[in-house]
Amino acid sequence: MKMNLQFFAAKKSIVEDTVSAKEGSVTFTRNGKRYTVATVTKFEAKIEFTKTQIPQLGRVIVANKATGAKLTGSLTMHFHDPYMVQIVQEFIEQGHQPSFDVTVNNADMASTSGRLSVLYENVLPDSIDLSRLDATAEETLERNIDFTADGMRIIEIFKDRTVEG
């Protein structure tokens, strides 16, 4: 019986390649100034595709074609960071769009996968908590922000882990 050793090699590297969700960084850029936001505790972004159904003669299954997309996401940060309140004040007083760019880096130094850096452009919050108190809170206050973005760009991508055979 012949064994496929590449199969076992690929299985072993899964642990080494796995990226920790806690490793990485988030930076905001606004008006040419870059802020490392260590107070972000969670960041998620996704793309939602707009699809058009394409009926086909001779087929029972209707095909789908992507005809557009929407970038959405959410971030959670500790409440004490003044950055969000400042962009709201700029919007109210000067009419500046309350948006910014966000760079997210997944970089677990213990992983052999390398680094993934993605820039989300023109991130616009749906709403921003300005003040918050909670006498019954057992933990620290957090700010949750849902957002949309106008674009994304990959700056650096994980190493290719394609296994042939």
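Heads up: the structure comes first, above all this text.
It should be emphasised that the depicted structure is a prediction, and the values quoted were computed from it without experimental measurement. Within each chain, residues carry numbers counting from 1 in the order of the written sequence. With pLDDT at 70 or above as the cut-off, local features in this predicted model cover only qualifying residues; side-chain atom pairs require 80 or more to be listed or tallied, and sums for whole chains, interfaces and linings still use all residues. Remark: hydrogens and water are excluded; side-chain values derive from all non-hydrogen atoms of the structure.

Asker: Would you mind going over the nonpolar core with me for this structure?
Answerer: For soluble globular proteins, the rule of thumb is that nonpolar side chains tend to be buried together. Grouping buried Ala, Val, Leu, Ile, Met, Phe, Trp, Tyr and Cys residues that are joined through side-chain atoms within 4.5 Å yields what is termed a nonpolar core. Exposure is judged per residue with a 1.4 Å probe applied to protein chains only, and the accessible area is read against the type maximum: over 50% gives exposed, under 20% gives buried, and values in between give partly exposed. Within the largest apolar cluster, 23 residues are counted, with the highest numbers of intra-cluster contacts made by Phe28, Phe43, Met84, Phe100 and Val102. Residues count as neighbours in contact if any of their non-hydrogen atoms are within 4.5 Å of one another. The contact partners of Phe28, leaving out residues within four places of it in the chain, are Lys33, Arg34, Tyr35, Val37, Val40, Leu75, Tyr83, Met84, Phe100, Asp101 and Val102.

Asker: When you look at the packing of aromatic side chains in this model, what are you seeing that I'm missing?
Answerer: The geometry of an aromatic ring pair is captured by two quantities: the separation of the ring centres and the angle between the planes. Stacked, tilted and edge-to-face are the three classes assigned to paired rings of Phe, Tyr and Trp, where Trp is represented by its six-membered ring and a pair needs centres within 6.5 Å; plane angles under 30 degrees give stacked, over 60 edge-to-face, the rest tilted. Counting across every chain of the model gives six aromatic pairs. Their ring planes at 55° and their centres at 4.9 Å tell us that Tyr35 and Tyr83 sit as a pair that is tilted. Of this pair, Tyr35 sits in strand S2 (residues 33-36) while Tyr83 sits in helix H2 (residues 83-94), placing them 48 residues apart in sequence. On the basis of relative accessible area, Tyr83 is assigned to the buried category, the value being 5%. Feature note: the residues Phe28, Tyr35, Tyr83 and Phe100 constitute an aromatic cluster, connected by ring pairs. A run of DSSP states H or I qualifies as a helix once it reaches four residues; a run of E qualifies as a strand once it reaches two. Both are numbered from the N-terminal end.

Asker: Looking at this structure, how should I read unusual backbone geometry?
Answerer: A negative phi angle is the norm for most residues apart from glycine, just as the trans form is the norm for most peptide bonds. The phi dihedral of Asn31 is positive, around 55°, even though this residue is not glycine. Positionally, Asn31 belongs in the loop between strand S1 (25-30) and S2.

Asker: Would you mind going over a nonpolar patch on the surface with me for this structure?
Answerer: Among the surface-exposed residues, Met152, Ile154 and Ile157 lie close enough to one another that they form a single nonpolar patch of about 290 Å² accessible area. The exposure class assigned to Ile157 is exposed, which follows from its relative accessible area of 57%. Exposure above 30% relative accessible area and no salt bridge define the residues that can form patches, which grow by joining like charges within 9 Å and nonpolar side chains of Val, Leu, Ile, Met, Phe, Trp and Tyr within 5 Å. Computed with a 1.4 Å probe, the accessible areas rest on the Shrake-Rupley method; for each residue, only the protein chains presented here act as cover. Should a side-chain nitrogen of Lys or Arg be within 4 Å of a carboxyl oxygen of Asp or Glu, the pair is scored as a salt bridge.

Asker: Is there a simple way to explain the pairing of strand S4 (residues 63-78) in this structure?
Answerer: Residues in a regular strand point their side chains to alternate faces of the sheet. One ladder, built from 14 bridges, connects strand S3 (residues 40-54) with S4; its direction is antiparallel. If you follow Thr52 over to S4, its bridge partner there is Lys65. Pairing of S4 with strand S7 (residues 142-149) involves eight bridges; the strand directions are antiparallel. Bridge pairing links Gly73 to Phe147 in S7. When DSSP finds two or more bridges between two strands, those strands count as paired.

These results come straight from atomic positions and should not be treated as a statement about function.
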